[in-house]
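Chain by chain, the residues:
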Amino acid sequence: MFGSFSENLSTLVRQEIQLAKAEATVEVKKAGTGAGMFAGAAWAAFFVLLFLSTALMWALGSVMHLGWAALIVAVLWGVAAAVLALMGKKNFERIKGLPQTQQTVQEIPATLNPDKETP
């Protein structure tokens, strides 16, 4: 009876692992397709910003020298980059890591030592 139970449990576990692998493969393919589409969208957005910047430069160039217009557009992009960098830095400073995981990992050695009381 125990042998049959053990064999059935082993078969069940193997089948569950195969099912999980198959599902994970399908989901990873979907995620890869989605990531590729986001990358394509980002590439297209880059070109939109590039051509809008060029259009702004030419529009400003109709009222001033084209070199100054290009400098103004570049400064605008520099300000946008600085603001985004500062916001990103603030977000990184708020990262606390994995405090609960760190705590439980620190408790493992004490739990495995039978001579000490478990916290």
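What counts and what doesn't
Starting afresh in each chain, residues are numbered from 1 along the sequence in its written order. Totals for whole chains, interfaces and linings use all residues, but because this is a predicted model, local features are given only for residues with pLDDT of at least 70 and pairs of side-chain atoms are given and counted only at 80 or more. Only hydrogens and water are set aside; all other atoms, that is, all heavy atoms of the structure, feed into the side-chain values. Helical segments are the DSSP runs of H or I of at least four residues, strand segments are the runs of E of at least two, and each set is numbered from the N terminus. Think of it in three bands: with a 1.4 Å probe and only protein chains considered, a residue is buried below 20% of the maximum accessible area for its type, exposed above 50%, and partly exposed in between. Surface accessibility follows the Shrake-Rupley procedure with a 1.4 Å probe radius. Residue values consider only the protein chains on display as shielding. Each residue gets a pLDDT score, which is the predictor's confidence in that residue and runs from 0 to 100. Salt bridges, as used here, are contacts in which a Lys or Arg side-chain nitrogen is within 4 Å of a carboxyl oxygen on Asp or Glu. The residues that make up patches have over 30% relative accessible area and no salt bridge, and they are joined within 9 Å when like-charged or within 5 Å when they are Val, Leu, Ile, Met, Phe, Trp or Tyr. Aromatic rings from Phe, Tyr and Trp, with only the six-membered ring used for Trp, were paired whenever their centres fell within 6.5 Å, and each pair was classed as stacked if the ring planes differed by under 30 degrees, edge-to-face if by over 60, and tilted otherwise.

Asker: I tried to follow the overall build of the protein on my own but got confused; where do I start?
Answerer: The secondary structure content of the protein amounts to 3 helices and 0 strands. Going residue by residue from the N terminus, the α and β elements of the protein occur as α-α-α. With 119 residues in all, the protein has 3% of them scored as buried. Surface summary for the protein: the accessible area is close to 10400 Å², and the carbon and sulfur share equals 71%.

Asker: Please explain the confidence of the model for the protein as it appears in this structure.
Answerer: Do not read the predicted coordinates in detail wherever pLDDT is low. Here the protein shows a mean pLDDT of 86. Residues at 70 or above account for 88%. At the low end of the mean pLDDT range in the protein sits helix α3 (residues 99-112), at 70; at the high end sits helix α2 (residues 66-93), at 95.

Asker: Would you explain the pattern of salt bridges in this entry?
Answerer: Opposite charge on two side chains permits pairing when their charged atoms draw close. Counted under the stated rule, the structure contains 2 salt bridges. Note that Lys 30 and Glu 27 form a salt bridge whose closest N and O atoms lie 3.5 Å from each other. Note that Lys 30 and Glu 27 are positioned in helix α1 (residues 2-61) at a spacing of 3 residues, about one turn of the helix. Of the residues examined, Glu 27 reaches a relative accessible area of 47% and is grouped as partly exposed. Measuring nitrogen to oxygen at the nearest pair gives 3.9 Å for the salt bridge that ties Lys 89 to Glu 93. Within this pair, Lys 89 and its partner Glu 93 are both found in helix α2, separated by 4 residues, close to a single helical turn.

Asker: I would appreciate a short explanation of a nonpolar patch on the surface in the present structure.
Answerer: A cluster of nonpolar residues, Leu 56, Val 63, Met 64, Trp 68, Leu 71, Ile 72, Val 75, Leu 76, Val 79, Val 83, Leu 84 and Met 87, forms a patch on the protein surface that exposes about 1100 Å² of accessible area. Take the nonpolar patch: its biggest share by element is 9 residues, from α2. If you trace the backbone, Leu 76 turns up in helix α2.

Asker: How do you make sense of the packing of aromatic side chains when you look at a structure like this?
Answerer: Under the defined criterion, the tally for this structure stands at 4 aromatic pairs. For the ring pair Trp 43 and Phe 47, a centre distance of 5.1 Å and an interplane angle of 80 degrees mean the geometry is edge-to-face. Linking Trp 43 with Phe 47, this pair stays in helix α1, spanning 4 residues, or about one helical turn. Between Phe 46 and Phe 47 the ring centres are 5.4 Å apart and the planes differ by 70 degrees, which places this aromatic pair in the edge-to-face class.

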